[in-house]
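Topology and contacts: notes
This is what each chain is made of:
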Amino acid sequence: MEKRNLTNIRLSGDENSVIILDQRLLPNKIEYIELSEAADMYAAIKELKVRGAPALGIFAGFALYVLSKKAPPPKLKEYADYLVSARPTAVNLEWAVSRMMKADDLKKECYAIRDEDAAMCAAIAERGLGLLKDGDGVLTHCNAGPLATSRYGTGLGALILGAEKGMNFNVFVGETRPLLQGARITALELMNAGLDVTLICDGMASAVMRDKKIDAVFVGADRVAANGDVANKIGTSGLAVLAKHYKIPFYVFCPSSTVDLSRKSGGDIVIEERDGSEICELYFKERMAPEGVKCFNPAFDITDGNLITAIVTEEGFFKKVRANEKRGNHV
Ligand code: MRU
């Protein structure tokens, strides 16, 4: 497959707009859009044209810098609250906005948010790679790669770094219903890195784990509570339950900016609910459910901290809750 270097978020040359890769169109179309108005920036977040917890923070930083050029401070505060209201679960969005609102030099701060994320992801990737050996089978869910961050990614960082060093892994990617971030984005990024990728429907994870094809599960996070509970893409908690059953280590990778000590536990994290049309219609050729059926479409779920082998940030490994893993050579 043709390798492409995709930049998800950047400023335009005159710094009057933010240019993003429209992730809703992947993998079929590589299309960049230019955003200079707050309403379009809000819509880009809401509609997941830009997505992934750290990337939302980076985008918010660039967006507020652009908006600050034409908005006086009270209006900028209004814009800041407006952007944060687009999606409630990933803490990085409000974290980056609060950094920007406290900064004296907004240009410097938005680049710092992006560059710090790149450094954190590189460190996370190194730590994650230490958990793997060449040829391991890894299951991942949603997308925690470069397009969800700045570079390398979190959950995918170790895999991509390993590929750069000439290693290979058998990566099983859950398609991630209903918005298909696994199928559309993770498969693309991992194939781009030259890795062995197998796409599965979300409901196939148990069968793949039972067949002993999986040595570890690697996922990202949208918000980590003080007790180690983790909010991540819907479907993550089910994988953690399965991993415990099959004695497979379950790792969560995120930068420290995703840890929110103000939330005591997962119960304090707001889970975004999205429109049911994403389940019934989007990405299908025609509607695939009876008209009028009730839908429940939470975008994220909470994985209990006691199901997680370790949370890996740039600072180290946290919460060794599960011990005596049978497979592999893990912490
Ligand atoms: O709804 P999305 O696509 O923004 O959800 C993304 C995820 O759940 C990722 O796993 C998470 O943000 C970690 S990204 C490094």
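Residues numbered from 1 in each chain as written. Predicted model: local features only at pLDDT ≥ 70, side-chain atom pairs only at ≥ 80, totals over all residues. Heavy atoms only, no water.

**A closer look at the overall build of the protein**
Heads up, the rule is: A run of DSSP states H or I qualifies as a helix once it reaches four residues; a run of E qualifies as a strand once it reaches two. Both are numbered from the N-terminal end. Two things to know: the radius of gyration comes from C-alpha atoms, and the globule rule equals 2.2 Å times the number of residues to the power 0.38. Only protein chains enter the accessibility calculation, which uses a 1.4 Å probe; a residue whose area is less than 20% of its type maximum is buried, one above 50% is exposed, and one in between is partly exposed.
For the protein, the helix and strand inventory stands at ten helices and 14 strands. On C-alpha atoms alone, the protein measures out to a radius of gyration of 19 Å, which is about the 20 Å that the 2.2 N^0.38 rule sets for 331 residues. The principal-axis extents of the C-alpha atoms in the protein amount to approximately 60 × 50 × 45 Å. A burial count over the protein gives 55% of its 331 residues as buried.

**Side note on the site of the ligand**
As a reminder of what qualifies: Proximity is defined per residue: if any heavy atom of the residue lies within 4 Å of a molecule or strand, that residue is considered near it. Pairs of N or O atoms within 3.5 Å make up the polar contacts considered here, provided that, within protein, one atom can donate a hydrogen while the other can accept it, and that residues adjacent in sequence are counted only when both atoms are side-chain atoms. Each accessible area is a Shrake-Rupley estimate made with a 1.4 Å probe; only the visible protein chains count as cover when residues are assessed.
Near the ligand there are 19 residues, and of these R51, R87, D222, N232 and K233 occur at the shortest range. Here an oxygen atom of the ligand sits 3.0 Å away from a polar atom, N or O, in the main chain of G52. A distance of 2.7 Å is found between an oxygen atom of the ligand and a side-chain nitrogen or oxygen belonging to K233. Contact with the protein chains covers 100% of the free accessible surface of the ligand, which is 410 Å². Looking at the shell around the ligand, the elements with two or more residues in it are α2 (53–68) and β9 (230–233).

**Some words on the packing of aromatic side chains**
The following threshold applies: Each Phe, Tyr or Trp ring, with Trp reduced to its six-membered ring, pairs with another whose centre is within 6.5 Å; inter-plane angles below 30 degrees give stacked pairs, above 60 give edge-to-face pairs, and intermediate values give tilted ones.
Evaluation of the coordinates by the stated rule reveals five aromatic pairs. Ring centres of Y42 and Y82 lie 4.5 Å apart, and the angle between their planes is 5°; this geometry places the pair in the stacked category. In this pair, Y42 sits in helix α1 (residues 38–46) while Y82 sits in helix α3 (residues 73–84), placing the two residues 40 residues apart along the sequence. A relative accessible area of 29% means that Y82 is categorised as partly exposed. Residues F62 and Y111 carry aromatic rings whose centres are separated by 5.3 Å and whose planes lie at 75° to one another, so their mutual orientation is edge-to-face. A residue pair is termed long-range when its members are at least 10 positions apart, and F62 in helix α2 and Y111 in helix α5 (residues 106–129) qualify at 49 residues.

**Details of the pattern of salt bridges**
How we decide: A pair is scored as a salt bridge if a Lys or Arg side-chain nitrogen falls within 4 Å of a carboxyl oxygen belonging to Asp or Glu.
If you walk through the whole model with that rule in mind, you get 19 salt bridges. Residues K49 and E47 are paired through a salt bridge, measuring 3.2 Å at the closest nitrogen-oxygen approach. Residue classification places E47 among the partly exposed positions, given a relative accessible area of 37%. A salt bridge links K133 to D136; the nearest nitrogen and oxygen atoms lie 2.8 Å apart. For K133, a relative accessible area of 46% puts it in the partly exposed group. The exposure class assigned to D136 is buried, which follows from its relative accessible area of 3%. Among the charged side chains, a network of salt bridges with common partners joins R87, E272, R274 and E278.

**Digging into helix α9 (residues 236–245)**
Spelled out, the test is: The directions considered for the arc run from the helix axis to the C-beta atoms.
Among all positions in α9, only T236, S237, L239, A240 and A243 are buried. Angular distribution of buried residues about the axis of α9 spans 155°; they occupy a single face of the element. Note on α9: the residue one or two positions beyond its end, K247, has a positive phi of about 60°.

**Remarks on the nonpolar core**
Which entries qualify depends on this criterion: Buried Ala, Val, Leu, Ile, Met, Phe, Trp, Tyr and Cys residues that are joined via side-chain atoms within 4.5 Å together make up what is termed a nonpolar core. The criterion used for residue contact is that any of the two residues' heavy atoms lie within 4.5 Å.
Ranked by size, the top nonpolar core spans 36 residues in total, and within it I9, V18, I20, M41 and F59 carry the most contacts. Taken together, the elements giving at least two residues each to this core come down to β1 (9–11), β2 (18–21), β3 (32–35), α1, α2, α3, α4 (91–102) and α5. The residues touching I9, leaving out its near neighbours within four places in the chain, are V18, I19, I20, V50, A55, I58, F59 and F62. Of all hydrophobic cores here, the second largest spans 25 residues; its members include L131, L161, V171 and V173.

**Considerations on the packing of α2 against α3**
If you want to describe how two helices pack, look at the angle between their axes and the distance between the axes. Filter applied, for reference: For helices, the axis comes from a line fit to the C-alpha atoms of the stretch in contact; other axes are also lines fit to C-alpha atoms, and the angle between any two N-to-C directions lies between 0 and 180 degrees. Roughly parallel means an angle under 35 degrees; roughly antiparallel, over 145; roughly perpendicular, 65 to 115; everything else is oblique. By convention, the crossing between two helices is left-handed when the near helix turns anticlockwise from the far helix through less than a right angle, and right-handed when the turn is clockwise.
Contact geometry of α2 with α3 gives a least axis separation of 10 Å together with a crossing angle of 155°. The angle between the axes of α2 and α3 places the two elements in the roughly antiparallel class. Crossing of α2 over α3 shows right-handed handedness. Of the residues in α3, those in contact with A63, L64, L67 and S68 of α2 are L76, Y79, A80 and L83.

**Re the domain arrangement of the protein**
The test is simple: Domain limits in this description derive from either an automatic procedure or a database domain assignment. Buried area is a sum: the accessible area each of two parts loses on coming together, probed at 1.4 Å, counted once for each and added.
Taken domain by domain, the protein comprises domain 1 (9–118) and domain 2 (130–317). Relative placement of domain 1 and domain 2: their C-alpha centres are 23 Å apart. Each partner contributes to the interface: domain 1 provides 26 residues, whereas domain 2 provides 31 residues. With both sides pooled, the region where domain 1 packs onto domain 2 buries about 2300 Å², and carbon together with sulfur makes up 51% of that total. Summed over the three residues of domain 1 that lose the most area to domain 2, namely R24, R51 and T89, the buried surface amounts to 28% of that side.

**Topic: the sheet that holds β9**
The condition that has to hold: DSSP calls a pair of strands paired once it identifies at least 2 bridges connecting them.
The strand order across the open sheet built from four strands is β11-β8-β9-β12, with neighbouring strands paired in mixed fashion. Looking at the sheet topology across the chains shown, the edges are occupied by β11 (259–260) and β12 (300–303). Bridge analysis of strand β8 (residues 223–225) against β11 gives two bridges, and the strand direction is parallel. Directly across from V224, in β11, lies its bridge partner V259. Sheet contacts for α9: β9 and β12; angle to β12, the most-contacted strand, approximately 30°.

**Comments concerning the pairing of β3**
Covered by surrounding structure in β3 are I33 and L35 only, the residues Y32 and E34 on the alternate face being uncovered. In the sheet, β2 pairs with β3 via four bridges, with the strands oriented antiparallel. Residue L21 lies in a different strand from β3, and its bridge partner there is Y32.

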